[in-house]
Amino acid sequence: MLGALGCFGLQDAVSFLVAWEVMSLGGAVLLIGEKLGDTREGRGLFFMLSLLEVGAVALLTALLMLSSSAGHLDFDHFANVGVAFATWRRVVIGVLLLIGFGAKLGLLPFYEWYPGAYGQGSGASGAILSGIVLNAAFFALARAFTSWLPGDVALAIITVALGVLSAILAVLYAFQENDWRRLLAFSSAENAAIAVTLLGASQLFRGEGLDALAGLGFAVALLHLAGHALAKGALMLAADGAYRVSGDYELIQRGLLRRSPWLYGIGVVFASMSLAAMPPQAGFVSEWFTFQTLFQGFHLAGMPARLTLSLAGAGMALTAAIAFATFVKLAGLGVLGDATKKTPLPGAERGYACATGLLGLAVLALAVGMPWWLSAIDAAVHARFADVPAAPLHDGLILVPLTNTFAFISPTKLIIACPLLALVPLVLLGMARRRHRVRRASAWFGGLPKPAHGNTTPLAFSNAMRTFYGFVYHPTDDVEQGPDHSEYFVQEMRHTASVSPLFEAAVFRTPTRIVQSVAKALGPLQSGHMNIYLGMVGVLLMLILALGLT
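(A) Highlighting empty space enclosed by the protein. If you walk through the whole model with that rule in mind, you get two cavities of 30 Å³ or more. Lining the largest cavity we find 14 residues, and of these Met48, Lys104, Trp113, Leu129 and Val133 sit closest to its centre. Sorting the residues of the lining of the largest cavity by element identifies α2 (13–33), α3 (43–70), α5 (114–118) and α6 (123–148) as the ones contributing at least two each. Across the lining of the largest cavity, the residue classes tally to eleven nonpolar, two polar and one charged. Taken together, Asn191, His224, Gly227, His228, Ser274, Leu275, Gly283, Ser286 and Glu287 form the lining of the second largest cavity. Residue assignment for the lining of the second largest cavity shows that the elements contributing at least two residues are α9 (211–246), α11 (262–275) and α12 (282–295).

(B) Layout of the layout of surface pockets. Roughly 1400 Å³ of internal volume is contained in the largest pocket. In terms of lining, the largest pocket is formed by 40 residues, of which the most central are Arg43, Gly44, Phe47, Glu112 and Glu504. Mapped by element, the contributors of at least two residues to the lining of the largest pocket are α3, α5, α7 (153–176), α8 (180–207), α17 (458–468), β4 (493–498) and α19 (504–521). When the residues that make up the lining of the largest pocket are grouped by side-chain class, the tally is 17 nonpolar, eleven polar and twelve charged.

(C) Examining the environment of Thr356 more closely. Mapped onto the elements, Thr356 comes out in helix α14 (residues 350–368). Judged by relative accessible area, Thr356 falls into the buried class, the value being 0%. For the pair formed by Thr356 and His228, sequence separation is 128 residues and the distance between their alpha carbons is 14 Å. If we ignore the near neighbours within four places in the chain, the residues touching Thr356 are Ala234, Leu237, Ala238, Leu263, Tyr264, Gly267 and Val268.

(D) Just the packing of aromatic side chains, in detail. By the definition in use, this model includes 22 aromatic pairs. With centroids separated by 5.6 Å and ring planes inclined at 55°, the aromatic side chains of Phe75 and Phe78 adopt a geometry described as tilted. For the residue pair Phe75 and Phe78, the accessibility class agrees, reading buried in each case. Between the aromatic rings of Tyr111 and Phe503, the centroid separation amounts to 6.2 Å while the plane-to-plane angle is 80°, which identifies the pairing as edge-to-face. One end of the pair, Tyr111, is in the loop between α4 (87–105) and α5; the other, Phe503, is in the loop between β4 and α19, and 392 residues separate them in sequence. Here the two residues Tyr111 and Phe503 agree in accessibility, since each one is buried. Site record: aromatic cluster; members linked through ring pairs are Phe16, Trp20, Phe75, Phe78, Phe101 and Trp148. The residue whose ring lies beneath Lys104 is Trp20, and the NZ or CZ to ring-centre distance is 3.8 Å. The ring of Phe175 carries Lys329 above its face, with NZ or CZ at 5.6 Å from the centroid.

Calculation criteria
- Residues numbered from 1 in each chain as written.
- Predicted model: local features only at pLDDT ≥ 70, side-chain atom pairs only at ≥ 80, totals over all residues.
- Heavy atoms only, no water.
- 1 Å grid on protein atoms, 1.4 Å probe; cavity = no way out; pocket = protein on both sides within 12 Å on 5 of 7 lines; lining within 4 Å.
- Points joined across faces, edges and corners; volume = space filled by probe spheres on them.
- Helix = DSSP H or I, 4+ residues; strand = E, 2+ residues; numbered from the N terminus.
- Nonpolar A, V, L, I, M, F, W, Y, C, P; charged D, E, K, R; others polar.
- Buried < 20%, exposed > 50% of the residue type's maximum accessible area, 1.4 Å probe, protein only.
- Contact = heavy atoms within 4.5 Å.
- Phe/Tyr/Trp six-rings, centres within 6.5 Å; stacked < 30°, edge-to-face > 60°.
- Lys NZ or Arg CZ within 6 Å of the ring centre and 35° of its normal.

Written as C-alpha cells, this is what we have:
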C-alpha cells in the first residue's frame, strides 16, 4: 500500500523507483505471508519477482534516458520532453515504459506470472493487487504517455496492438481455469489490457490533433478500471467465502447460493455481470464506451491508424465474448450450481456475504449514477489534457460518446425499464398456470437416468473452447489407472487435463535453465566447508596485495 501511494504521489524518478520496488516486494511478502500456496517452493512468487525485476530494469533505463534529456530527475521537467525526440527515440523509450509498467499490468508475456502469484494468497490479497496495485501501474503508464511522450502515432499503434493481443490471450486462459483466484487473476490482466488499448487509442487521436476524442479514450480507460476494481474486489472476497466453507478455491458445484445470505448471491451475480459486460452494470457501460471510442477511428486520416482501431474493435469483440462465457462459468459453477454431495456444505459466512454484496451493489451504483460520476472523470481528463474543453459524455441521464447523434445508452433508465419488462413474462406465466396444469419432469442430461449425478464440471464447460483454440492452449489429457489393480478389473481411474503457457517454453524456459546452471555451478560456495571459505579469503587478500603493488 505504501509503495502504491508513492507511485501515485511521488514526483521524481529516484523516489518513484524506490516506491515501485517497495510495491513489488510488498506484494510478494503479502502473498507468501498468508501461507495458502506451496510455501516450500514458492515458484509462482519467484517467477513474479523475476519478471517484475525485468520490468524494473526497463523502467530504470527509460527514466535515465528521459532525465538525461530533461537535465533533471523531477517529473515536472519531463513534461513534453519527448516532443523534441526523433521518432525512433520516442518509440524506444515508449517500449521500455510498456515493458516496465506492463510487467505489473500483465501485458504479454508478463501475464503468465499472474495465476501462480495470485494462487499463493487469499482473495483479499488478490483484491488489493487487482484494485490498487494494478491501478497504480496504469496511472504511472498513463502519466508517462500523456505528459512525457504525447501523441506519437507509431508508439500508439504498438500500444493498441499489444493491449488487444494481451486481452485476447489473458481471457482465453482465464476461461480454462478451475480456481477462483487464478481465473480472476487472468481476468485482471485482461481488463488492464483493455485499459491500455484505450490509452493507445487516445494517443492515436492526439497524434492527429483530435483532442476531444483523445480525452474520450482516456476517460473511458479510467471508467473501465473503476468498474473493474469494484467487481474484482467483490469476486475475490466471494472466493474467500467459498474457501472458508470448503477449504479450497476450486470451482465446484457446492450449492453455495442456496445456503448463503442473499447478499452473497447478489454480490457475485452483479460483479460477474459487470465483468461479463452485461447491462446495466458498470462493465457494460465501460465496454460500450470502449467500442464507441474504437468505432470513431474513421476520423483518423492515416490508414495505419484506421486499420489499427478497426482490428482492435474486432479483437475487443472476441475478448468480450470469451469474457461473457468465463463469468457464466464462474457464477454458474461457483455459486449457482447444485451440491454434488448428499450432505451439502454450509453457506458463506455473514461477514463475507456482506462485503461481497456491498461491493456488488457498488458496481450497480456506479453504473446507475454514471451521469454524475462522469464529472469526477472530467477533472482527471483535464489534468492530462489541459487545453481540451469538457468532453460531453452524458446528455442528462443519457450517456453519449461526445455527441448524441453517434450513439447513446442510459443505464440509469435501464434499471427502471428492466424490472418493468420482467413483469411481462411473469404475467404470462401466471396466466398459463391458471389455464394449464404444470407438468414436472427430470431435466434431459445426456440420457442419464439420474441427472443429479451428472453435474457439469469446469472441464466439461470449457472443453469445446480448449479444442477450438488448441493451437494456443496446446492441451494435454492424461488418464491413469489406480495403483495395485488388475488391468482387466479397473477400480479407479484418474483424468487430468491442463493447458500449456504460451510463452513459458518460447521465452522463459531458456533463461530459467541458464540461471539454474549458474546456481548449480556456484553451489559449492554455499557448501558450509570452512576450508573453502578460508581459501576464498586467501585469494581475495592476494588480489588486494597485487593491486596495491601495481
